[in-house]
Amino acid sequence: MIDLHNVSKTYSNGAIGLNSTNIRIEKGEFVFITGNSGSGKSTLLKLLLKEIEPSHGKIVINNKDVTKLSRRQIPYLRRDIGIVFQDFRLLPNKTVYENVAFAMQIVGASGREIRKNVPITLGLVGLARKARCYPDELSGGEQQRTALARAIVNNSPILIADEPTGNLDPATSWEIMNCLQDINKRGVTVVMATHEREIVNALKKRVIEITDGSVTRDMHEGGYDDEMEYSQIFV
Amino acid sequence: MMKWNTLKYLFKEGIVGLWKNRVMALASAGTIVLCLLILGMSYSIGTNIEYILKQIEIKFGITTYVKEDVSEERILALRSQIGSLPYVTKVDYISKEDALKAFSEGSKDDSIFNDFLKDNPLPASFEISVSGVEYQSQVVSELSKMPELEVKYLKNETNMFIKINQTISYISLVIISCLIIVGLLLMINTIKLTVYIRRKEINIMKYIGATDWFIRLPFLIEGLVIGLIGALVSILVIVLSYNWLSGVFTTNLMGMLNGLTLKDPSDIISALIPVCMGIGVSIGLIGSGMAMHKHLKV
Ligand SMILES: Nc1ncnc2c1ncn2[C@@H]1O[C@H](COP(=O)(O)OP(=O)(O)OP(=O)(O)O)[C@@H](O)[C@H]1O
Ligand SMILES: [Mg+2]
């Protein structure tokens with residue numbers, strides 16, 4: 001589903017975002033991308049969205065070579081990838097319903113499809129009763145669930161989340177994680193960058209750790225910092 | 001191809017953008033109105049001057065002076081020769097004495113008449129009516145082939161009118177060009193502001209997979225609506241004021257002008273509507289296109 005071959009990204013100011021990275025993510029997987037601040041997690045996700053171009057290497061998503069897509073084809077790549085951010089990025093002058101419907105408008109869905117799919121999706125993330133609220137009338141968790149609904153309403157096969165719980169307290173973070181797991185159970189491939197030790201440790205999913213732009217660990221059913229625990233035993 | 005539903009949605013977005021940014025939008029629509037009003041004014045004045053000139057030409061026909069020392073028989077021969085030219089409907093001969101009589105009728109002082117009677121400086125002339133203005137130049141060129149005649153084709157009067165007309169069109173051309181540039185700049189600024197107001201939204205749209213045209217269309221619609229508003233307002237003002245002014249002219253001035261009429265309002269208006277629409281819409285679309293080109297990195 002997602003394939004990175006020897007991908008490097010050096011920013012124009014010389015900062016290294018990613019360094020000869022090879023990652024392969026299968027359909028339906030749930031993957032945590034972990035690593036210190038500045039290690040290159042967001043760089044990886046931006047490369048997947050073709051927001052930035054790799055300096056070297058090849059990125060294949062859904063059997064399509066992303067590096068070869070023309071500018072005009074980028075929107076269609078992004079329709080296969082739902083995305084949520086730490087800061088929600090909802091439209092403040094639109095209600096919850098309208099924010100989610102907006103994503104369907106963009107892909108040219110009919111009014112009937114929109115009226116059918118938006119309530120179903122809001123139900124999935126537990127927001128059916130908040131449909132008429134504006135973002136500033138919602139808690140952080142509710143805002144992030146709105147963003148999740150927007151990311152999945154078009155049935156994209158991939159969901160990318162860049163620190164989606166970064167602005168939320170632990171209890172609310174868990175609500176979001178439960179939503180993400182539900183989404184993953186429906187067959188969506190989820191790639192989530194995070195710092196949250198407890199969450200990564202509790203869920204026992206695949207963990208890819210990036211250090212200074214390089215993959216330093218790739219474990220199935222991993223924890224946030226297995227190696228540290230391992231080494232601590234021997235200290 | 002975009003779906004009807006999507007177009008409807010984007011149209012609504014364009015109108016919302018317009019409303020959020022109404023002060024700037026009003027300024028650019030106002031400039032367009034000003035520009036089109038000046039255009040309408042100079043066009044109306046120009047076409048009316050031309051129209052009146054033609055009426056004058058028909059009314060007064062062609063005057064040709066007969067050179068000194070042409071014999072009576074020759075004058076008679078010339079008269080029938082002119083009368084047989086194509087398109088000539090009427091030839092009047094005005095002798096030197098007739099001319100002097102007509103001239104002195106204007107002045108109450110008989111002494112001029114008596115002075116001039118001894119040595120009449122006024123030339124004899126033919127006044128020729130032509131079946132249509134369009135044939136006038138043809139008749140004139142035939143007349144100029146006759147060596148005894150000196151064709152006077154309302155030259156001075158016509159030239160004066162043509163000069164006034166040209167000056168008006170030059171001045172208005174300069175003003176209109178300036179206003180079109182100002183209109184474009186204001187339009188670019190208006191759209192730039194809307195782009196700025198909506199930058200977050202545009203960014204989100206890009207992440208969700210909106211195509212460039214989906215993002216651009218509301219701005220184009222905003223520009224289009226501003227241009228249309230400018231065009232419609234100016235057309236309305238032109239229609240109302242031309243109707244009013246031509247009424248005023250006909251009732252107050254036409255008596256003096258000997259039955260001359262102004263161009264019918266519907267002629268002026270039917271010529272100006274497509275021009276105003278075209279210019280208004282072009283400024284709107286080109287302005288927003290230029291603004292997006294510079295400020296909307298899609
Ligand atoms: N637009 C940019 N221009 C230049 N350098 C950049 C740019 N974006 C990121 N970098 C650099 O690339 C490196 C990786 O950044 P990245 O944002 O991928 O880190 P991250 O792992 O997401 O960090 P965080 O956990 O703080 O979000 C950093 O050294 C950063 O300074
Ligand atoms: Mg980051």
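Counting starts from 1 at the beginning of each chain's written sequence and moves along it residue by residue. Each chain takes a letter, starting from A, and each ligand takes a number, starting from 1, following the order in which they are written. With the structure being a predicted model, the display of local features is reserved for residues of pLDDT at least 70 and the display and counting of side-chain atom pairs for 80 or more, all residues being used for whole-chain, interface and lining totals. Processing note: side-chain calculations cover all non-hydrogen atoms of the structure and skip hydrogens and water entirely.

Caption draft 1: Quick peek at the site of ligand 1. Residues and elements named next belong to chain A. Near, as used in this document, describes a residue that has one of its heavy atoms within 4 Å of the molecule or strand being considered. Around ligand 1, a shell composed of 15 residues is seen, among which Ser37, Gly38, Lys41, Ser42 and Thr43 lie nearest. Separating an oxygen atom of ligand 1 from a side-chain N or O atom of threonine 43 is a distance of 2.5 Å. Calculation on ligand 1 without its partners gives an accessible area of 640 Å², and the protein chains cover 65% of this total. Every helix listed is a DSSP run of H or I at least four residues long, and every strand listed is a run of E at least two residues long, numbered separately from the N terminus. Among the elements of the structure, β2 (16–25) and α1 (41–48) are those that each provide at least two residues to the shell around ligand 1. All residues other than Ala, Val, Leu, Ile, Met, Phe, Trp, Tyr, Cys, Pro, Asp, Glu, Lys and Arg, Gly among them, are scored as polar; the first ten of these are nonpolar and the last four charged. Of the residues that constitute the shell around ligand 1, the class distribution is 3 nonpolar, 10 polar and 2 charged. Whenever a nitrogen or oxygen atom comes within 3.5 Å of another N or O atom, the pair is scored as a polar contact, on the condition that within protein one atom can donate a hydrogen and the other can accept it, and that pairs from neighbouring residues in sequence are kept only if both atoms are in side chains. Per-residue and other accessible areas were derived by the Shrake-Rupley procedure at a 1.4 Å probe size, with only the shown protein chains allowed to occlude residues.

Caption draft 2: Geometry of the pattern of salt bridges. Think of a salt bridge as a Lys or Arg side-chain nitrogen and an Asp or Glu carboxyl oxygen that are within 4 Å of each other. Taken as a whole, this structure holds 19 salt bridges over all chains when the rule is applied. As a salt-bridge pair, Asp3(A) and Arg24(A) come within 2.4 Å of each other at their nearest N and O atoms. Linking Asp3(A) in strand β1 (residues 2–10) with Arg24(A) in strand β2, this pair joins segments that are 21 residues apart in sequence. With a closest N to O distance of 2.6 Å, Arg71(A) and Asp212(B) form a salt bridge.

Caption draft 3: Structural context of the packing of helix α8 (residues 199–208) of chain B against helix α9 (residues 212–252) of chain B. Residues and elements named next belong to chain B. Relative orientation of the contacting elements α8 and α9 amounts to 150°, with a least axis distance of 10 Å. In terms of axis orientation, α8 runs roughly antiparallel to α9. Together, Ile202, Met205 and Lys206 of α8 and Phe214, Ile215 and Phe219 of α9 make up the contact between the two elements. Along the lines of polarity and charge, the residues of the contact of α8 with α9 split into 5 nonpolar, no polar and 1 charged. Axis definition: a line fitted to C-alpha atoms, limited for helices to the stretch in contact. Angles are taken between N-to-C directions and run from 0 to 180 degrees. Note on angle classes: values under 35 degrees are labelled roughly parallel, values over 145 roughly antiparallel, values of 65 to 115 roughly perpendicular, and the remainder oblique. Every residue pair with non-hydrogen atoms within 4.5 Å of one another is taken to be in contact.

Caption draft 4: Expanded view of the packing of aromatic side chains. Pairing of aromatic side chains requires ring centres within 6.5 Å, counting the rings of Phe and Tyr and the six-membered ring of Trp. Pairs whose planes differ by under 30 degrees are stacked, by over 60 edge-to-face, and all others tilted. The tally for this structure, following the rule as stated, stands at 5 aromatic pairs over all chains. Each ring, one from Phe102(A) and one from Tyr9(B), has its centre 6.4 Å from the other, and the planes form 55°; the classification is tilted. In this pair, Phe102(A) sits in helix α3 (residues 96–106) while Tyr9(B) sits in helix α1 (residues 4–20), so the two residues belong to two different chains. When accessible area is computed with a 1.4 Å probe and restricted to protein chains, residues below 20% of their type maximum are described as buried, those above 50% as exposed, and intermediate ones as partly exposed. Its relative accessible area of 2% is what places Phe102(A) among the buried residues. Within the aromatic cluster, the residues linked to one another by ring pairs are Phe102(A), Tyr9(B) and Phe214(B). Its end group placed over the ring of Tyr196(B), Arg199(B) keeps NZ or CZ at 3.9 Å from the ring centre. Distance and angle both matter: a charge sits over a ring if NZ of Lys or CZ of Arg is within 6 Å of the ring centre and within 35 degrees of the ring normal. Here the guanidinium or amino end of Arg216(B) rests over the ring plane of Trp213(B), the centre of that ring lying 5.1 Å away.

Caption draft 5: Structural detail: the confidence of the model for chain A. Summary statistics for chain A give a mean pLDDT of 91 and a share of 96% for residues scoring 70 or more. A score between 0 and 100, pLDDT records how confident the predictor is in each residue. Segment residues 229–235 of chain A is flagged for pLDDT under 50; beyond a separation of four residues in sequence, or across chains, it makes 0 contacts in the model.

Caption draft 6: Spotlight on a negative patch on the surface. Residue and element names in this part refer to chain B. Patch construction takes residues with relative accessible area above 30% that form no salt bridge. Like charges are linked within 9 Å, and nonpolar side chains (Val, Leu, Ile, Met, Phe, Trp, Tyr) are linked within 5 Å. Under this rule, positive means Lys or Arg and negative means Asp or Glu; His and the chain ends count for nothing. Here the site of a charge means NZ on Lys, CZ on Arg, CG on Asp, or CD on Glu. Taken together, the side chains of Glu72, Glu73, Glu97 and Asp98 make up a negatively charged region of the molecular surface. For the negative patch, the secondary structure elements donating two or more residues are α3 (72–83) and α4 (96–106). With respect to the helices and strands, the residue glutamate 72 is situated in helix α3. Note on glutamate 72: relative accessible area 58%, which makes it exposed.

Caption draft 7: Quick look at the nonpolar core. Judged by nonpolar contacts, the single largest core of 89 residues is most densely connected at Phe32(A), Leu148(A), Leu159(A) and Leu180(A). If you tally residues by element for this core, the top one is α9(B), at 12 residues. The contacts of Leu148(A), once residues within four sequence positions are left out, are Val84(A), Val125(A), Leu159(A), Ile176(A), Cys179(A), Leu180(A) and Ile183(A). Counting residues in hydrophobic clusters, the runner-up holds 30 residues, among them Val31(A), Leu44(A), Val66(A) and Ile81(A). Take the buried Ala, Val, Leu, Ile, Met, Phe, Trp, Tyr and Cys residues and link them wherever side-chain atoms come within 4.5 Å; each set so joined is a nonpolar core.

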